[in-house]
Amino acid sequence: MTDTQFPRLTEGSEAWNAARDAMIEIIKVWAAGSRTAYYSTLSAQLRESGFSVPARGRLMSRLLRAACEAEADRGVPVMLTAIVVNKQTRRPSAEFEVLARADRFRRGDVPNWTWEMEREGVFDHYRR
């Protein structure tokens, strides 16, 4: 498939919501297996699911944020996207840290909070 054959992902559209939900399901499988995965792996699996989401760039960041927010709306106490990491640093992007400290998630209010704590919380939550 060429990129023009994939649905256009406009925030709030049916295709956007489907891509976000596909992303959530992919990441949940990784979480249940207690493993992190790379942005590039997520991008490839989304492509297999019919969505073109480059590993780098605003689209991936916006969808990861939307996935995290959708899970929070469902009452999930952890930030699912904490386990999607950069291949070089093996940590989430700077955008994840900003989201974690935003009013919605308030991880900055948690004494000594670290990304590693969030990652372990994700593993614990989704293994159940």
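Predicted model only: the values in this text are computed from it and were never measured.

Enquirer: How should the overall build of the protein chain be read in this particular structure?
Expert: Across its full length, the protein chain holds 5 helices and 2 strands. Over its C-alpha trace the protein chain gives a radius of gyration of 14 Å, about what one expects of a compact globule, namely 14 Å for 128 residues. Its C-alpha atoms give the protein chain principal-axis dimensions of about 45 × 30 × 25 Å. In the protein chain, the proportion of contacts linking residues at least 24 apart, taken out of those at least 6 apart, comes to 65%.

Enquirer: Mind showing me how you'd approach the layout of surface pockets here?
Expert: Summary: where empty space remains is shown by rolling a probe the size of a single water molecule over the atoms. Taken as a whole, the largest pocket encloses approximately 490 Å³ of empty space. Along its surface, the largest pocket is lined by 24 residues, and Tyr39, Ala55, Met60, Ser61 and Ser93 are the ones closest to its centre. Those elements that provide at least two residues to the lining of the largest pocket are α2 (39-48), α3 (58-73), β2 (84-85) and α4 (94-101). No other element matches the 6 residues that α3 contributes to the lining of the largest pocket.

Enquirer: Quick question: what am I supposed to make of the nonpolar core here?
Expert: The tendency in soluble globular proteins is for nonpolar side chains to be buried side by side. In terms of nonpolar packing, the biggest core is built from 41 residues, with Met23, Ile27 and Leu42 touching the most fellow members. Of all the secondary-structure elements, those providing two or more residues to this core are α1 (14-32), α2, α3, β2, α4 and α5 (115-127). If we ignore the near neighbours within four places in the chain, the residues touching Ile27 are Leu42, Leu64, Leu80, Thr81, Ile83 and Val84.

Enquirer: Explain α1 here, please?
Expert: Residues lying three or four places apart along an α-helix face the same way, a consequence of the helix completing one turn every 3.6 residues. The end-to-end C-alpha separation of α1 is 27 Å, in line with the 27 Å expected for 19 residues at 1.5 Å each. For α1, the full list of buried residues reads Ala15, Trp16, Ala19, Arg20, Ala22, Met23, Ile24, Ile26, Ile27, Trp30 and Ala31. Immediately beyond the C-terminal end of α1, within one or two residues, lies Ser34, with a positive phi of roughly 55 degrees.

Enquirer: Is there a simple way to explain the pattern of salt bridges in this structure?
Expert: Where side chains of opposite charge bring their charged atoms close, a pairing between them can arise. Tallied over the entire structure, the rule returns 16 salt bridges. In this structure, Arg20 engages Asp21 in a salt bridge whose closest nitrogen and oxygen atoms are separated by 3.0 Å. On the basis of relative accessible area, Asp21 is assigned to the partly exposed category, the value being 29%. Within the structure, one salt-bridge network assembled from shared partners comprises Arg20, Asp21, Glu25, Lys28, Glu71 and Arg74.

Enquirer: What exactly am I supposed to notice about the environment of Ala31 here?
Expert: Assignment of secondary structure puts Ala31 in helix α1. By relative accessible area, Ala31 is classed as buried at 0%. When the C-alpha positions of Ala31 and Arg127 are compared, they lie 6.9 Å apart, and in sequence the two are 96 residues distant. Leave out the neighbours within four places in its chain, and Ala31 touches Leu80, Ile83, Val122, Phe123, Tyr126 and Arg127.

Enquirer: How should I be thinking about the confidence of the model for the protein chain in this particular structure?
Expert: Close inspection of predicted coordinates is inappropriate for parts of the model with low pLDDT. Of the residues in the protein chain, 97% reach a pLDDT of 70 or more, and the chain-wide mean stands at 94. Averaged pLDDT values for the elements of the protein chain fall to 94 in α4 and rise to 98 in β2.

Enquirer: It is not clear to me how α4 should be interpreted in this structure. Could you clarify?
Expert: Of the residues making up α4, those classed as buried are Phe96, Leu99 and Ala100. Buried residues in α4, looked at end-on, bunch into an arc of 100 degrees, giving them a common side. Pointing more than 90 degrees away from the buried face of α4 are the exposed residues Ala94 and Val98. On its buried face, α4 sits against α3 and α5.

Conventions used here
Residues numbered from 1 in each chain as written. Predicted model: local features only at pLDDT ≥ 70, side-chain atom pairs only at ≥ 80, totals over all residues. Heavy atoms only, no water. Helix = DSSP H or I, 4+ residues; strand = E, 2+ residues; numbered from the N terminus. Rg over C-alpha atoms; globule rule 2.2 N^0.38 Å. Contact = heavy atoms within 4.5 Å. 1 Å grid on protein atoms, 1.4 Å probe; cavity = no way out; pocket = protein on both sides within 12 Å on 5 of 7 lines; lining within 4 Å. Points joined across faces, edges and corners; volume = space filled by probe spheres on them. Core = buried A, V, L, I, M, F, W, Y, C linked by side-chain atoms within 4.5 Å. Buried < 20%, exposed > 50% of the residue type's maximum accessible area, 1.4 Å probe, protein only. Expected span 1.5 Å × (residues − 1). Salt bridge = Lys/Arg side-chain N within 4 Å of Asp/Glu carboxyl O. pLDDT = per-residue confidence, 0-100. Arc of directions from axis to C-beta.

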